[in-house]
Amino acid sequence: MSDIFKGSFTQQEPIPEAGIEAAVAVMRHGRLHRYNTVEGEVAETVLLEQEFAASVGAKYCLAVASGGYAMATALRAVGVKAGDRVLTNAFTLAPVPGAIAAVGAVPVFVGVTPELVLDLDDLEAKADQADVLLLSHMRGHLCDMERLMAICDAHGIKVIEDCAHTMGAAWKGKPSGTWGIVGCYSCQTYKHINSGEGGLFVTNDAEVAARAIMYSGSYMLYERHLAGPPAETFETIRYETPNISGRMDNLRAAILRPQLADLATQCARWNERYFAIEEAVRGTAGLKVIERPQAETIVGSSIQFLLEGWSGEAVTDLVARCAARGVEFKWFGGAEPVGFTSRYDSWRYVDAPAMPDSDRVLAGIIDMRVPLTFTLEDCALIGRIIREEVARVGSSIG
Ligand SMILES: *Cc1c(COP(=O)(O)O)cnc(C)c1O
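Residues numbered from 1 in each chain as written. Predicted model: local features only at pLDDT ≥ 70, side-chain atom pairs only at ≥ 80, totals over all residues. Heavy atoms only, no water.

## Some thoughts on the site of the ligand
In the vicinity of the ligand lie 16 residues, with Gly68, Asp162, His165, Ser186 and Lys191 positioned nearest. Between the ligand and Gly67 there is a distance of 2.8 Å, counted from an oxygen atom to a backbone nitrogen or oxygen. Contact between the ligand and Ser186: an oxygen atom at 2.7 Å from a side-chain N or O atom of the residue. Within the complex, the protein chains bury 92% of what would otherwise be the 380 Å² of accessible surface of the ligand. Looking at the shell around the ligand, the elements that each hand over two or more residues are helix 3 (67-77) and helix 4 (95-102). The greatest single-element share of the shell around the ligand, amounting to three residues, is contributed by helix 3. (Near = heavy atom within 4 Å. Polar contact = N/O pair within 3.5 Å; in protein donor to acceptor, adjacent residues only side chain to side chain. Areas by Shrake-Rupley, 256 points an atom, 1.4 Å probe, with all protein chains shown as cover. Helix = DSSP H or I, 4+ residues; strand = E, 2+ residues; numbered from the N terminus.)

## What to know about helix 11 (residues 312-324)
For helix 11, spanning 13 residues, the distance from its first C-alpha to its last is 18 Å, which sits close to the expected 18 Å at 1.5 Å a residue. Phi turns positive, to about 85°, at Gly326, one or two residues after helix 11. (Expected span 1.5 Å × (residues − 1).)

## Some remarks on the sheet that holds strand 13 (residues 330-331)
Spatially, the four strands line up as an open sheet ordered 10-12-14-13, and their pairing is antiparallel. The open sheet has two edge strands with one neighbour each: strand 10 (288-289) and strand 13. As paired strands, strand 10 and strand 12 (residues 302-306) are joined by two bridges and run antiparallel to one another. Its bridge partner being in strand 12, Lys288 is matched across the sheet by Leu306. Across the sheet, helix 12 (residues 356-363) lies against strand 12, strand 13 and strand 14 (365-369), angled at about 50° from strand 14, the strand it touches most. (Pairing = 2+ DSSP bridges. Contact = heavy atoms within 4.5 Å. Axes fitted to C-alpha atoms, helices over the stretch in contact; angles between N-to-C directions.)

Laid out in structure tokens, this is it:
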């Protein structure tokens, strides 16, 4: 009988004890709202913002209710208006085009390469169609950020980075989220730090930071944002910016701060697991690992493989066989979105032309989460199961 993997692909680690204690302390004093502080107290939310800004080397940081909220706020703060077109990835997660739709703007999709990054030639071809790019580092893959910024700078395109999968990652040593004008992060359970829901927003632009703080619902208490811009930045912005509440609270911030302090260690643990799986499957006929560029500092919290030229039937068969042995894949080539949506043609509120090159790539991507609850032995077993099943399906289809 062949081995079966018994672990769960959706089970994250518990909140560290320090986070639990800090959360209990917030509940004991009851001041959960970020602006509810006593004389001399600095709110947990403010401390988180200062610590996160320092960790990526950004001037300003705002903690918000979700990654999706951070992105929509970024779009508003850089001036996107209803009816504007915004460039974004054809392959990402639903909250990315959703943030564009939330501000009444219209996504213009840019294709995906077999390296699973934004197709920069396609970006260049579409660069005249919009003034803003909402760039998603989908599944942690960073494109050539220098070339991307050169294209966008040449066309006057502002770049907002969706770093939901790249908190802790970098390109040529420069943290993801600091290349464009705004970096947006998610603190949802399946991301790199976990408060259930939550988001972070970083920028070096004082006016963009001030607008975001006003949008998030700061009730003219912006001077309490110690990770925000100086008070004079708000002089007119405070009258001109609507309140679209989406603050983070002190309970979530308390849970997140100890996790942020551990982030580098956790990233190293993700990468051990990622590379253990990669090594176990590398060289399997019919399955291609995604080679990671040297310039990229990765966080391997999920792993993708390409099944180039496989029929839909063969992929379905492989996914089912692996599932029967406890190995859960997402297949981005499936005709119907199940449990998630990640493809431009699933978002039918956008009138998008067909993208055959991207379709070909998407048809062959399989994807797996790599939670830290997996041991390195688990990763070796998972790799072995994939290898065996790819070989079986591969030989049956010739
Ligand atoms: C999770 C995620 C987000 C943000 O999600 P929220 O649930 O709104 O925090 C953004 N982009 C991608 C690619 C994601 O996976």
